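Coordinate analysis (summary)
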Amino acid sequence: MALLEVEEVFVRFGGVTAVAGVSFAVDDRQICGLIGPNGAGKTTLFNVISGIYRPTEGRVRFAGQVVTGQPRHRMAPLGLGRTFQNLALFRSMTVRENVLAGAHSAGHAGFLANALRLPAARREDAAAAGRAAQLLAMLELEAVADVPVADLSFGTQKRVEMARALICGPKLLLLDEPAGGLNHGEVDGLAELLRDIRARFDLAILLVEHHMNLVMRVSDKVVALDFGRKIADGTPEEVRSDPEVIRAYLGDGGSHAHAA
């Protein structure tokens, strides 16, 4: 059984169909890239999967459970972690504080236990602090752990957001444009990091990404959208050579060639 199953999802905004009957699956420990020209429906579909949008039709299953329309705060305890294209960090808080904020979204001790500092809450905090320290080391953030994120480069802030998404121990990590704003060397480092995260945390990754080279290098499978429809679904080699994908990127004289 697949870890994530997207089944015949439609999303309509008024008279506009942003996603038109898309189905695909992501297996355990698989890295799946979601690509397509600007306006293809990638971000809309991503928002359906992570619980921000409710689809007009269709459903999303995660680990065998229908999660369509579940509120976003329920997604982290289920095992979905997510980063955003536009960073969603607390800019005045330190790196460590931002990462620990991710742990609270999946805490089980409850409000009263936390308010009264009961043993269950203290145990959760201690465990979260340990996981945060491990993530800060892995993502090379130890040196800036106590620096406000506002003082850091964009590339470093992206790593902070990834650490925050990982601290809950997700089964599926949803990455929205992880290479956006990174230089060539940082993109190379990101490719290695994604493989390392998959191996260390034993999770699957679904990434929406404009950077075609990164997607083709790290993905086990690639799903391509155009005008809200799925036009290809297969290995990077299969998708790269698919006539519909080539037409989607190059069919209008090449204006889509570098946008995914």
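Refer to the structure above for everything that follows.
Residues numbered from 1 in each chain as written. Predicted model: local features only at pLDDT ≥ 70, side-chain atom pairs only at ≥ 80, totals over all residues. Heavy atoms only, no water.

With that settled, the discussion passes to the overall build of the protein chain. Check the secondary structure of the protein chain and you find 10 helices and 10 strands. When each of the 260 residues of the protein chain is scored for burial, the buried share is 48%. Pairs at least 24 residues apart make up 67% of the contacts formed inside the protein chain by residues separated by at least 6 positions. Surface summary for the protein chain: the accessible area is close to 12,000 Å², and the carbon and sulfur share equals 52%. (Helix = DSSP H or I, 4+ residues; strand = E, 2+ residues; numbered from the N terminus. Buried < 20%, exposed > 50% of the residue type's maximum accessible area, 1.4 Å probe, protein only. Contact = heavy atoms within 4.5 Å. Areas by Shrake-Rupley, 256 points an atom, 1.4 Å probe, with all protein chains shown as cover.)

This next bit is on the packing of aromatic side chains. One pass over the structure, following the stated rule, counts 1 aromatic pair. Arranged with centres 5.7 Å apart and planes meeting at 80°, the rings of F13 and Y53 form a pair that is edge-to-face. Taken together, the residues span a long stretch of sequence, with F13 in strand β1 (residues 4-13) and Y53 in the loop between α1 (42-49) and β4 (57-62) at a distance of 40 residues. On the basis of relative accessible area, F13 is assigned to the partly exposed category, the value being 42%. The class of Y53 is partly exposed, set by a relative accessible area of 30%. (Phe/Tyr/Trp six-rings, centres within 6.5 Å; stacked < 30°, edge-to-face > 60°.)

What follows is about unusual backbone geometry. Positive phi, normally seen in glycine, also occurs at R29, with a value near 60°. Along the chain, R29 turns up in the loop between β2 (16-26) and β3 (31-35).

Sheet architecture is open: 4 strands sit in the order β2-β1-β4-β5, paired in antiparallel fashion. Among the strands making up the open sheet, the edge pair consists of β2 and β5 (65-66). Each of β1, β2 and β4 touches α1; the most contacted strand, β1, lies at about 120° to it. (Pairing = 2+ DSSP bridges. Axes fitted to C-alpha atoms, helices over the stretch in contact; angles between N-to-C directions.)

What is shown is where atoms sit, not what they do.
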